[in-house]
Amino acid sequence: MTDATMREDKAMEQSDTLTFAGREFRSRLIIGTGKYPDHRSMQRAHEASGAEIVTVAVRRVNLDRTQESLLDYIDTKKYTLLPNTAGCYTAEEAIKTAFLAREVGLSDMVKLEVIGDQRTLFPDNEELLKATQVLVKEGFVVLPYTNDDPVMARKLEDAGAAAVMPLGAPIGSGLGIRNPYNIKIILEAARVPVIVDAGVGTASDATIAMELGCDGVLMNTAIACAKDPVAMAEAMRHAIRAGRLAHLAGRIPRKLYATASSPLEGMIEL
Amino acid sequence: MELTVNGKTLEVTDGITITAVLEELKINPLRVAVQLNQEIVKRERYEETSLKAGDRIEIITFMAGGSA
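Residues numbered from 1 in each chain as written. Chains lettered and ligands numbered in written order. Predicted model: local features only at pLDDT ≥ 70, side-chain atom pairs only at ≥ 80, totals over all residues. Heavy atoms only, no water.

The next thing to look at is helix α3 (residues 91–104) of chain A. Residues and elements named next belong to chain A. With 14 residues, α3 extends 20 Å from end C-alpha to end C-alpha; this agrees with the ideal 20 Å at 1.5 Å per step. Taken residue by residue, α3 has A91, A94, I95, T97, A98, L100, A101, E103 and V104 as its buried positions. Looking at the residues trailing α3, positive phi occurs at G105, about 90°. (Helix = DSSP H or I, 4+ residues; strand = E, 2+ residues; numbered from the N terminus. Expected span 1.5 Å × (residues − 1). Buried < 20%, exposed > 50% of the residue type's maximum accessible area, 1.4 Å probe, protein only.)

Where charged atoms from two side chains of opposite charge come close, those side chains can pair. All names here are of chain A. Using the criterion set out here, one finds 14 salt bridges over all chains in the structure. A salt bridge links D16 to R28; the nearest nitrogen and oxygen atoms lie 3.0 Å apart. Of this pair, D16 sits in the loop between α1 (3–15) and β1 (18–20) while R28 is found in the loop between β2 (23–25) and β3 (29–31), placing the two residues 12 residues apart along the sequence. When its relative accessible area of 15% is taken as the criterion, D16 is described as buried. On the basis of relative accessible area, R28 is assigned to the buried category, the value being 7%. Measuring nitrogen to oxygen at the nearest pair gives 2.7 Å for the salt bridge that ties E157 to R191. A residue pair is termed long-range when its members are at least 10 positions apart, and E157 in helix α5 (residues 150–158) and R191 in the loop between α6 (180–189) and β9 (195–197) qualify at 34 residues. Note on E157: relative accessible area 12%, which makes it buried. (Salt bridge = Lys/Arg side-chain N within 4 Å of Asp/Glu carboxyl O.)

Glancing now at unusual backbone geometry. Residue and element names in this part refer to chain A. The phi torsion at K35 lies on the positive side, around 70°, for a residue other than glycine. With respect to the element layout, K35 can be found in the loop between β3 and α2 (39–49). When its relative accessible area of 55% is taken as the criterion, K35 is described as exposed. Phi is positive for A198, close to 90°, though the residue is something other than glycine. Considering the arrangement of structural elements, one finds A198 in the loop between β9 and α7 (203–212). A residue is classified by how much of its surface remains accessible, and A198, at 8% relative accessible area, is buried.

The next subject is the packing of α3(A) against helix α4 (residues 125–137) of chain A. A pair of packed helices is captured by two measures, namely the crossing angle of their axes and the spacing between those axes. Residues and elements named next belong to chain A. At a minimum axis separation of 8 Å, α3 and α4 run at an interaxial angle of 35°. For α3 against α4, the interelement crossing comes out right-handed. Residues A91, I95, A98 and F99 of α3 touch α4, and the partners they reach there are E127, K130, A131, V134 and L135. Considering only residue class, the contact of α3 with α4 consists of 7 nonpolar, no polar and 2 charged. (Axes fitted to C-alpha atoms, helices over the stretch in contact; angles between N-to-C directions. Left-handed = near helix turned anticlockwise from the far one by under 90°. Contact = heavy atoms within 4.5 Å. Nonpolar A, V, L, I, M, F, W, Y, C, P; charged D, E, K, R; others polar.)

Residue and element names in this part refer to chain A. Strand order in the open sheet made by the 3 strands is β6-β7-β8, with parallel pairing throughout. The outermost strands of the open sheet, each flanked by one partner alone, are β6 (109–112) and β8 (165–166). In this sheet, β8 lies alongside strand β7 (residues 141–146) in parallel orientation, the contact comprising 2 bridges. Each bridged residue has a counterpart across the sheet, and for T146 the counterpart in β8 is P166. Contacting β6 and β7, α4 runs over the sheet at an angle of about 175° to β7. (Pairing = 2+ DSSP bridges.)

Counting buried positions along strand β4 (residues 53–60) of chain A gives 6 out of 8 residues, so the element sits mostly inside the fold. Pairing geometry for β3(A) and β4(A), over 2 bridges, is parallel. Bridging from a neighbouring strand, I31(A) pairs with V54(A) of β4(A). Pairing of β4(A) with strand β5 (residues 80–83) of chain A, which is carried by 4 bridges, proceeds in the parallel orientation. Among the inter-strand pairings, T55(A) is bridged to a residue of β5(A), identified as L82(A). Bridging between β4(A) and strand β5 (residues 56–64) of chain B involves 5 bridges; their strand directions are antiparallel. When the bridges of β5(B) are listed, R60(A) appears paired with I60(B).

Let us look at the side chain of K111(A). Residue and element names in this part refer to chain A. Among the structural elements, K111 can be located in strand β6. A relative accessible area of 0% places K111 in the buried class. Separated by 2.5 Å, the side chains of K111 and D197 make a polar contact. (Polar contact = N/O pair within 3.5 Å; in protein donor to acceptor, adjacent residues only side chain to side chain.)

On to the nonpolar core. Grouped together as the largest cluster of nonpolar side chains are 68 residues, with contacts concentrated most on I31(A), I74(A), L135(A), M219(A), I223(A), M236(A) and F62(B). If sequence neighbours within four positions are ignored, I223(A) has contacts with I31(A), Y36(A), A45(A), P229(A), M232(A), A233(A) and M236(A). Counting 21 residues, the second-largest nonpolar core is a separate cluster that includes V21(B), L36(B), L51(B) and I57(B). (Core = buried A, V, L, I, M, F, W, Y, C linked by side-chain atoms within 4.5 Å.)

A few words now on α6(A). Residue and element names in this part refer to chain A. Of all the residues in α6, the buried ones are I183, I186 and L187. For α6, the arc enclosing every buried residue in end-on projection is 100°, short of the 170-degree limit, so these residues lie on one face. Exposed residues lying more than 90 degrees from the buried face of α6 are Y181, E188 and A189. Where α6 is buried, its residues meet α5, β8, β9 and α7. (Arc of directions from axis to C-beta.)

Quick look at the structure:
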(Lines give C-alpha, C1' and ligand atoms only; values in the text may rest on other atoms or scores of the structure.)
Protein backbone atom coordinates (compact mmCIF):
# COMPACT_ATOMS: atom_id res chain seq x y z
CA MET A 1 0.00 0.00 0.00
CA THR A 2 1.33 3.47 -0.85
CA ASP A 3 1.28 6.28 1.69
CA ALA A 4 -1.46 8.03 -0.26
CA THR A 5 -3.80 5.05 -0.38
CA MET A 6 -3.13 4.32 3.25
CA ARG A 7 -4.11 7.88 4.07
CA GLU A 8 -7.30 7.60 2.02
CA ASP A 9 -8.03 4.29 3.66
CA LYS A 10 -7.68 5.86 7.07
CA ALA A 11 -9.76 8.86 6.09
CA MET A 12 -12.56 6.66 4.87
CA GLU A 13 -12.46 4.51 7.95
CA GLN A 14 -12.87 7.64 10.01
CA SER A 15 -15.69 9.29 8.07
CA ASP A 16 -17.68 6.23 7.02
CA THR A 17 -19.09 5.20 10.35
CA LEU A 18 -21.75 2.82 11.56
CA THR A 19 -24.15 5.00 13.50
CA PHE A 20 -27.12 4.07 15.63
CA ALA A 21 -28.75 5.55 18.71
CA GLY A 22 -26.42 8.54 18.38
CA ARG A 23 -23.28 6.40 18.69
CA GLU A 24 -20.63 6.14 16.04
CA PHE A 25 -18.43 3.17 15.31
CA ARG A 26 -15.60 3.09 12.80
CA SER A 27 -15.84 -0.66 12.33
CA ARG A 28 -18.87 -2.26 10.72
CA LEU A 29 -17.98 -5.65 12.11
CA ILE A 30 -19.52 -6.82 15.37
CA ILE A 31 -18.17 -10.02 16.83
CA GLY A 32 -18.99 -12.48 19.57
CA THR A 33 -17.05 -13.82 22.51
CA GLY A 34 -18.32 -17.41 22.42
CA LYS A 35 -16.76 -20.69 21.31
CA TYR A 36 -13.13 -19.57 21.16
CA PRO A 37 -10.50 -22.15 22.10
CA ASP A 38 -9.56 -19.86 25.02
CA HIS A 39 -9.87 -16.27 26.23
CA ARG A 40 -6.42 -15.33 24.96
CA SER A 41 -7.17 -16.31 21.35
CA MET A 42 -10.48 -14.47 21.62
CA GLN A 43 -8.64 -11.36 22.72
CA ARG A 44 -6.21 -11.61 19.80
CA ALA A 45 -9.05 -12.25 17.35
CA HIS A 46 -10.87 -9.18 18.66
CA GLU A 47 -7.79 -7.09 18.01
CA ALA A 48 -7.26 -8.52 14.54
CA SER A 49 -10.90 -7.95 13.57
CA GLY A 50 -10.84 -4.23 14.28
CA ALA A 51 -14.32 -4.60 15.78
CA GLU A 52 -15.44 -2.07 18.36
CA ILE A 53 -18.56 -3.86 19.54
CA VAL A 54 -18.49 -7.35 21.07
CA THR A 55 -21.44 -9.44 22.13
CA VAL A 56 -21.61 -11.20 25.47
CA ALA A 57 -24.07 -13.58 27.10
CA VAL A 58 -25.78 -12.88 30.42
CA ARG A 59 -25.36 -15.80 32.82
CA ARG A 60 -24.96 -16.78 36.44
CA VAL A 61 -21.54 -16.12 37.95
CA ASN A 62 -19.65 -19.37 38.28
CA LEU A 63 -19.37 -19.82 42.05
CA ASP A 64 -16.59 -22.39 42.03
CA ARG A 65 -14.25 -19.72 40.59
CA THR A 66 -12.32 -22.21 38.47
CA GLN A 67 -13.06 -20.24 35.31
CA GLU A 68 -11.42 -16.94 34.57
CA SER A 69 -13.65 -13.94 34.09
CA LEU A 70 -14.39 -13.04 30.49
CA LEU A 71 -14.22 -9.38 31.44
CA ASP A 72 -10.51 -9.75 32.27
CA TYR A 73 -10.01 -10.22 28.54
CA ILE A 74 -12.12 -7.36 27.21
CA ASP A 75 -10.93 -3.78 27.57
CA THR A 76 -14.27 -2.06 28.16
CA LYS A 77 -12.71 1.31 27.37
CA LYS A 78 -11.91 0.08 23.89
CA TYR A 79 -14.85 -2.21 23.18
CA THR A 80 -18.55 -1.52 23.55
CA LEU A 81 -20.30 -4.46 25.14
CA LEU A 82 -23.46 -5.73 23.52
CA PRO A 83 -25.17 -8.13 25.93
CA ASN A 84 -27.48 -10.64 24.28
CA THR A 85 -30.60 -12.42 25.45
CA ALA A 86 -29.46 -15.72 23.98
CA GLY A 87 -31.32 -18.71 25.31
CA CYS A 88 -34.55 -16.79 25.92
CA TYR A 89 -37.72 -18.29 24.47
CA THR A 90 -40.29 -15.71 25.63
CA ALA A 91 -40.53 -11.93 25.66
CA GLU A 92 -40.70 -12.04 29.45
CA GLU A 93 -37.42 -13.95 29.79
CA ALA A 94 -35.71 -11.67 27.31
CA ILE A 95 -36.94 -8.52 29.06
CA LYS A 96 -35.76 -9.76 32.47
CA THR A 97 -32.39 -10.73 31.01
CA ALA A 98 -32.02 -7.29 29.41
CA PHE A 99 -32.74 -5.57 32.71
CA LEU A 100 -30.15 -7.70 34.52
CA ALA A 101 -27.63 -6.99 31.78
CA ARG A 102 -28.17 -3.26 32.12
CA GLU A 103 -27.81 -3.53 35.88
CA VAL A 104 -24.26 -4.82 35.46
CA GLY A 105 -23.66 -1.23 34.45
CA LEU A 106 -21.46 -1.64 31.42
CA SER A 107 -24.01 -1.26 28.61
CA ASP A 108 -27.56 -0.13 27.91
CA MET A 109 -27.60 -1.87 24.55
CA VAL A 110 -29.18 -5.24 24.03
CA LYS A 111 -28.89 -7.71 21.20
CA LEU A 112 -32.42 -8.94 21.56
CA GLU A 113 -32.98 -12.58 20.79
CA VAL A 114 -36.17 -14.46 21.42
CA ILE A 115 -35.76 -17.92 20.01
CA GLY A 116 -38.76 -19.80 18.69
CA ASP A 117 -37.32 -23.15 17.76
CA GLN A 118 -34.45 -25.14 19.21
CA ARG A 119 -33.29 -26.85 16.06
CA THR A 120 -33.17 -23.86 13.74
CA LEU A 121 -32.78 -21.15 16.39
CA PHE A 122 -35.12 -19.05 14.28
CA PRO A 123 -36.63 -16.12 16.15
CA ASP A 124 -40.13 -16.04 17.58
CA ASN A 125 -41.12 -12.80 15.91
CA GLU A 126 -44.30 -12.27 17.89
CA GLU A 127 -42.42 -12.40 21.19
CA LEU A 128 -39.51 -10.46 19.71
CA LEU A 129 -41.75 -7.56 18.76
CA LYS A 130 -43.37 -7.53 22.21
CA ALA A 131 -39.97 -7.47 23.92
CA THR A 132 -38.73 -4.73 21.57
CA GLN A 133 -41.71 -2.50 22.38
CA VAL A 134 -41.21 -2.90 26.13
CA LEU A 135 -37.44 -2.44 26.14
CA VAL A 136 -37.52 0.63 23.86
CA LYS A 137 -39.98 2.26 26.28
CA GLU A 138 -37.60 1.40 29.12
CA GLY A 139 -34.80 3.28 27.41
CA PHE A 140 -32.75 0.42 26.03
CA VAL A 141 -30.89 0.57 22.73
CA VAL A 142 -32.52 -2.45 21.16
CA LEU A 143 -30.90 -4.43 18.36
CA PRO A 144 -33.26 -7.29 17.53
CA TYR A 145 -32.14 -10.50 15.82
CA THR A 146 -34.86 -11.32 13.30
CA ASN A 147 -35.34 -13.41 10.20
CA ASP A 148 -34.96 -11.96 6.73
CA ASP A 149 -38.56 -10.79 6.59
CA PRO A 150 -39.03 -7.23 5.34
CA VAL A 151 -42.43 -6.88 7.06
CA MET A 152 -41.00 -7.92 10.41
CA ALA A 153 -38.04 -5.58 9.94
CA ARG A 154 -40.45 -2.70 9.39
CA LYS A 155 -42.48 -3.59 12.48
CA LEU A 156 -39.33 -3.72 14.61
CA GLU A 157 -38.20 -0.38 13.26
CA ASP A 158 -41.63 1.12 13.98
CA ALA A 159 -41.36 -0.24 17.52
CA GLY A 160 -38.18 1.81 17.97
CA ALA A 161 -35.40 -0.69 17.32
CA ALA A 162 -32.06 1.12 16.90
CA ALA A 163 -31.13 -1.26 14.09
CA VAL A 164 -32.55 -4.42 12.62
CA MET A 165 -30.51 -7.57 12.45
CA PRO A 166 -31.81 -10.08 9.94
CA LEU A 167 -30.14 -13.46 9.74
CA GLY A 168 -28.27 -14.47 6.61
CA ALA A 169 -28.77 -18.14 7.50
CA PRO A 170 -29.34 -20.06 10.75
CA ILE A 171 -27.03 -19.20 13.66
CA GLY A 172 -23.76 -21.11 13.47
CA SER A 173 -24.68 -22.70 10.13
CA GLY A 174 -22.06 -20.93 8.01
CA LEU A 175 -24.41 -21.11 5.02
CA GLY A 176 -23.88 -17.47 4.04
CA ILE A 177 -26.49 -15.00 2.80
CA ARG A 178 -29.25 -17.36 1.67
CA ASN A 179 -31.73 -14.75 0.52
CA PRO A 180 -29.92 -11.64 -0.70
CA TYR A 181 -33.12 -10.41 -2.34
CA ASN A 182 -34.98 -10.22 0.95
CA ILE A 183 -32.03 -8.44 2.53
CA LYS A 184 -32.12 -6.02 -0.40
CA ILE A 185 -35.83 -5.35 0.15
CA ILE A 186 -35.23 -4.80 3.88
CA LEU A 187 -32.45 -2.35 2.99
CA GLU A 188 -34.63 -0.41 0.59
CA ALA A 189 -37.23 0.38 3.22
CA ALA A 190 -35.08 0.63 6.36
CA ARG A 191 -34.42 3.98 8.04
CA VAL A 192 -32.25 2.36 10.69
CA PRO A 193 -29.04 0.42 10.12
CA VAL A 194 -29.42 -3.13 8.84
CA ILE A 195 -26.87 -5.49 10.34
CA VAL A 196 -26.74 -9.08 9.13
CA ASP A 197 -26.63 -11.28 12.19
CA ALA A 198 -25.85 -14.96 11.81
CA GLY A 199 -25.09 -17.27 8.92
CA VAL A 200 -21.71 -15.96 7.77
CA GLY A 201 -19.28 -18.82 7.15
CA THR A 202 -16.32 -17.17 5.50
CA ALA A 203 -14.99 -13.83 4.31
CA SER A 204 -16.88 -13.73 1.01
CA ASP A 205 -20.20 -14.09 2.85
CA ALA A 206 -19.44 -10.95 4.84
CA THR A 207 -18.42 -9.14 1.66
CA ILE A 208 -21.70 -10.09 -0.03
CA ALA A 209 -23.67 -8.68 2.89
CA MET A 210 -21.76 -5.42 2.68
CA GLU A 211 -21.99 -5.23 -1.12
CA LEU A 212 -25.76 -5.52 -0.80
CA GLY A 213 -25.60 -2.32 1.21
CA CYS A 214 -25.86 -3.66 4.74
CA ASP A 215 -24.55 -1.34 7.43
CA GLY A 216 -22.72 -4.05 9.29
CA VAL A 217 -22.32 -7.74 10.00
CA LEU A 218 -22.40 -9.55 13.30
CA MET A 219 -20.66 -12.91 13.54
CA ASN A 220 -19.25 -15.30 16.07
CA THR A 221 -18.86 -18.91 14.95
CA ALA A 222 -17.21 -18.11 11.60
CA ILE A 223 -14.28 -16.57 13.46
CA ALA A 224 -14.22 -18.46 16.75
CA CYS A 225 -14.49 -21.91 15.19
CA ALA A 226 -12.16 -21.29 12.24
CA LYS A 227 -8.94 -23.31 12.36
CA ASP A 228 -7.10 -20.06 13.00
CA PRO A 229 -9.52 -17.60 14.62
CA VAL A 230 -7.04 -14.71 14.60
CA ALA A 231 -6.34 -15.05 10.88
CA MET A 232 -10.05 -15.37 10.13
CA ALA A 233 -10.77 -12.27 12.22
CA GLU A 234 -8.31 -10.35 10.07
CA ALA A 235 -9.88 -11.80 6.91
CA MET A 236 -13.28 -10.61 8.09
CA ARG A 237 -11.97 -7.14 8.75
CA HIS A 238 -10.80 -6.89 5.15
CA ALA A 239 -13.94 -8.59 3.83
CA ILE A 240 -16.18 -6.04 5.51
CA ARG A 241 -14.07 -3.16 4.22
CA ALA A 242 -13.90 -4.59 0.71
CA GLY A 243 -17.65 -5.11 0.59
CA ARG A 244 -18.34 -1.65 1.94
CA LEU A 245 -15.97 0.00 -0.55
CA ALA A 246 -17.49 -1.98 -3.42
CA HIS A 247 -20.97 -0.94 -2.34
CA LEU A 248 -19.97 2.74 -2.19
CA ALA A 249 -18.08 2.46 -5.48
CA GLY A 250 -21.17 1.09 -7.22
CA ARG A 251 -20.92 -2.17 -9.08
CA ILE A 252 -21.50 -2.53 -12.82
CA PRO A 253 -24.78 -4.01 -13.98
CA ARG A 254 -24.87 -7.74 -14.73
CA LYS A 255 -25.07 -8.49 -18.45
CA LEU A 256 -25.60 -11.77 -20.25
CA TYR A 257 -23.09 -11.11 -23.05
CA ALA A 258 -19.56 -9.84 -23.25
CA THR A 259 -18.57 -6.20 -23.61
CA ALA A 260 -15.01 -5.69 -24.82
CA SER A 261 -12.72 -3.55 -22.67
CA SER A 262 -10.29 -2.82 -25.52
CA PRO A 263 -11.01 -0.30 -28.29
CA LEU A 264 -12.77 -1.66 -31.36
CA GLU A 265 -11.14 1.07 -33.51
CA GLY A 266 -7.56 0.92 -34.74
CA MET A 267 -7.48 -2.83 -35.18
CA ILE A 268 -4.31 -4.01 -36.91
CA GLU A 269 -4.51 -5.55 -40.34
CA LEU A 270 -3.14 -9.04 -39.82
CA MET B 1 -28.83 -19.56 58.00
CA GLU B 2 -29.12 -20.88 54.47
CA LEU B 3 -29.46 -18.95 51.23
CA THR B 4 -29.82 -20.22 47.72
CA VAL B 5 -27.22 -18.52 45.53
CA ASN B 6 -27.28 -19.30 41.81
CA GLY B 7 -29.15 -22.49 42.59
CA LYS B 8 -26.69 -23.66 45.24
CA THR B 9 -27.18 -23.73 48.99
CA LEU B 10 -24.87 -21.37 50.86
CA GLU B 11 -24.47 -21.33 54.66
CA VAL B 12 -23.98 -17.75 55.91
CA THR B 13 -24.19 -15.78 59.15
CA ASP B 14 -27.62 -14.42 60.07
CA GLY B 15 -28.53 -11.05 58.61
CA ILE B 16 -25.61 -11.00 56.16
CA THR B 17 -25.70 -8.18 53.58
CA ILE B 18 -25.40 -8.60 49.83
CA THR B 19 -22.04 -6.81 49.99
CA ALA B 20 -20.78 -9.40 52.48
CA VAL B 21 -22.05 -12.33 50.39
CA LEU B 22 -20.18 -10.99 47.37
CA GLU B 23 -17.06 -10.51 49.48
CA GLU B 24 -17.31 -14.04 50.81
CA LEU B 25 -17.63 -15.39 47.29
CA LYS B 26 -14.77 -13.13 46.07
CA ILE B 27 -16.99 -11.53 43.47
CA ASN B 28 -16.28 -8.03 42.19
CA PRO B 29 -19.54 -6.11 42.73
CA LEU B 30 -18.77 -3.83 39.79
CA ARG B 31 -19.07 -6.72 37.35
CA VAL B 32 -22.34 -8.27 38.41
CA ALA B 33 -26.05 -7.70 38.80
CA VAL B 34 -27.92 -9.15 41.75
CA GLN B 35 -31.47 -10.39 41.89
CA LEU B 36 -33.09 -11.10 45.27
CA ASN B 37 -36.23 -13.24 45.17
CA GLN B 38 -36.82 -12.29 41.52
CA GLU B 39 -36.28 -8.55 42.10
CA ILE B 40 -33.21 -6.67 40.91
CA VAL B 41 -31.30 -4.97 43.72
CA LYS B 42 -29.50 -1.77 42.73
CA ARG B 43 -25.77 -1.80 43.42
CA GLU B 44 -26.00 1.17 45.80
CA ARG B 45 -28.32 -0.90 48.01
CA TYR B 46 -26.09 -3.99 48.40
CA GLU B 47 -24.60 -2.62 51.62
CA GLU B 48 -27.93 -1.95 53.31
CA THR B 49 -29.73 -5.08 52.11
CA SER B 50 -29.73 -7.74 54.82
CA LEU B 51 -30.75 -11.21 53.79
CA LYS B 52 -33.13 -13.65 55.43
CA ALA B 53 -33.00 -17.43 55.64
CA GLY B 54 -34.33 -19.00 52.48
CA ASP B 55 -33.69 -15.95 50.27
CA ARG B 56 -32.95 -16.81 46.67
CA ILE B 57 -30.13 -14.83 45.13
CA GLU B 58 -29.06 -14.72 41.52
CA ILE B 59 -25.67 -13.19 40.79
CA ILE B 60 -25.22 -12.67 37.10
CA THR B 61 -22.42 -11.41 34.90
CA PHE B 62 -21.25 -11.42 31.29
CA MET B 63 -20.00 -14.68 29.86
CA ALA B 64 -18.62 -15.70 26.51
CA GLY B 65 -21.35 -15.84 23.91
CA GLY B 66 -22.37 -14.81 20.44
CA SER B 67 -25.90 -15.79 19.59
CA ALA B 68 -28.41 -18.18 21.09
